[in-house]
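Residues per chain, in single letters:
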Amino acid sequence: MDFLDFFILLDQITNPIKAIKSYWLKLTDKNEYKGERFVAFLSLILLVGFYFLMGYILFFILLKK
């Protein structure tokens, strides 16, 4: 089962729009369990922060050349 979870998470990393959309839908759903909404909020913040960090690093790598 962990092997299957790995591929699901890998799909979320390689397709950020799909992952952000799924977390956003969980976050804005009023009928969702509060714990699930909190996890979606943290995941959304971490995911967006990760992509900004990767863009920031790539920007400075390209400027050094």
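Note that the coordinates shown come from a computational prediction; the quantities given were computed from them, not determined experimentally. The residue numbering used here restarts from 1 in each chain and proceeds along that chain's sequence as written. The predicted nature of this model means local features are confined to residues of pLDDT at least 70 and side-chain atom pairs, given and counted, to a pLDDT of 80 or more, with totals for whole chains, interfaces and linings taken over all residues. With hydrogens and water set aside, each side-chain value is computed from the structure's full complement of heavy atoms.

**Examining the overall build of the protein chain**
Filter applied, for reference: Runs of E in the DSSP output that reach at least two residues are strands. Runs of H or I that reach at least four are helices, and both are numbered from the N terminus. Per-residue accessibility, obtained with a 1.4 Å probe over protein chains only, is compared with the maximum for each type, and a residue is labelled buried under 20%, exposed over 50%, and partly exposed between these values. Residue burial considers only the protein chains on display, and all accessible areas are found by Shrake-Rupley using a 1.4 Å probe.
Scanning the protein chain from N- to C-terminus turns up three helices and zero strands. When the helices and strands of the protein chain are placed in sequence order, the string is α-α-α. Sorting the 65 residues of the protein chain into buried and exposed places 12% on the buried side. For the protein chain, the exposed surface amounts to about 5,800 Å²; the carbon and sulfur share of it is 74%.

**Comments concerning the nonpolar core**
Which entries qualify depends on this criterion: In plain words, nonpolar cores are sets of buried Ala, Val, Leu, Ile, Met, Phe, Trp, Tyr and Cys residues tied together by side-chain atoms within 4.5 Å.
Residues Ala19, Tyr23, Leu27, Ala40, Leu44 and Leu47 constitute the largest nonpolar core, which totals six residues. Mapped onto this core, the elements with two or more residues apiece are helix H2 (16–28) and helix H3 (34–64).

**A word on H2**
Spelled out, the test is: Helix span, as expected, comes to 1.5 Å for every residue beyond the first. Starting at the helix axis, one direction is taken to each C-beta atom, and the arc is that of these directions.
Between its terminal C-alpha atoms H2 stretches 18 Å, which fits the 18 Å expected from 13 residues at 1.5 Å a residue. Among the residues of H2, Ala19, Tyr23 and Leu27 are the ones counted as buried. Buried residues in H2, looked at end-on, bunch into an arc of 70°, giving them a common side. Away from its buried face by more than 90 degrees, H2 exposes Ile17, Lys21 and Leu25.

**Concerning the environment of Val48**
Mapped onto the fold, Val48 is located in helix H3. Through-space distance from the C-alpha of Val48 to that of Pro16 is 8.8 Å; in sequence the pair is 32 residues apart.

**A closer look at a nonpolar patch on the surface**
So the rule is basically this: A patch is a set of surface residues, each over 30% in relative accessible area and not in a salt bridge, joined within 9 Å for like charges and within 5 Å for the nonpolar side chains Val, Leu, Ile, Met, Phe, Trp and Tyr. In what follows, salt bridge is the name for a side-chain nitrogen of Lys or Arg lying within 4 Å of a carboxyl oxygen of Asp or Glu.
On the surface, Phe50, Leu53, Met54, Tyr56, Ile57, Leu58, Phe59, Phe60, Ile61 and Leu63 cluster together into a nonpolar patch covering about 970 Å² of accessible area. Looking at where Phe60 falls in the secondary structure, it is placed in helix H3.

**Some remarks on the confidence of the model for the protein chain**
Threshold: A score between 0 and 100, pLDDT records how confident the predictor is in each residue.
Averaged over the protein chain, the pLDDT score is 79; the fraction of residues at 70 or greater is 80%. Within the protein chain, the lowest mean pLDDT, 68, falls on helix H1 (residues 2–14), and the highest, 85, falls on H3.

**Describing the packing of aromatic side chains**
Where we set the bar: Two rings from Phe, Tyr or Trp (for Trp, the six-membered ring) form a pair when their centres are within 6.5 Å of each other. A pair whose planes differ by under 30 degrees is stacked, one over 60 is edge-to-face, and the rest are tilted.
What the rule picks out here adds up to three aromatic pairs. Seen in terms of ring centroids, Phe59 and Phe60 are 5.6 Å apart; in terms of plane orientation they differ by 80°. Their pairing is edge-to-face. Pairwise contacts between aromatic rings join Tyr56, Phe59 and Phe60 into one cluster.

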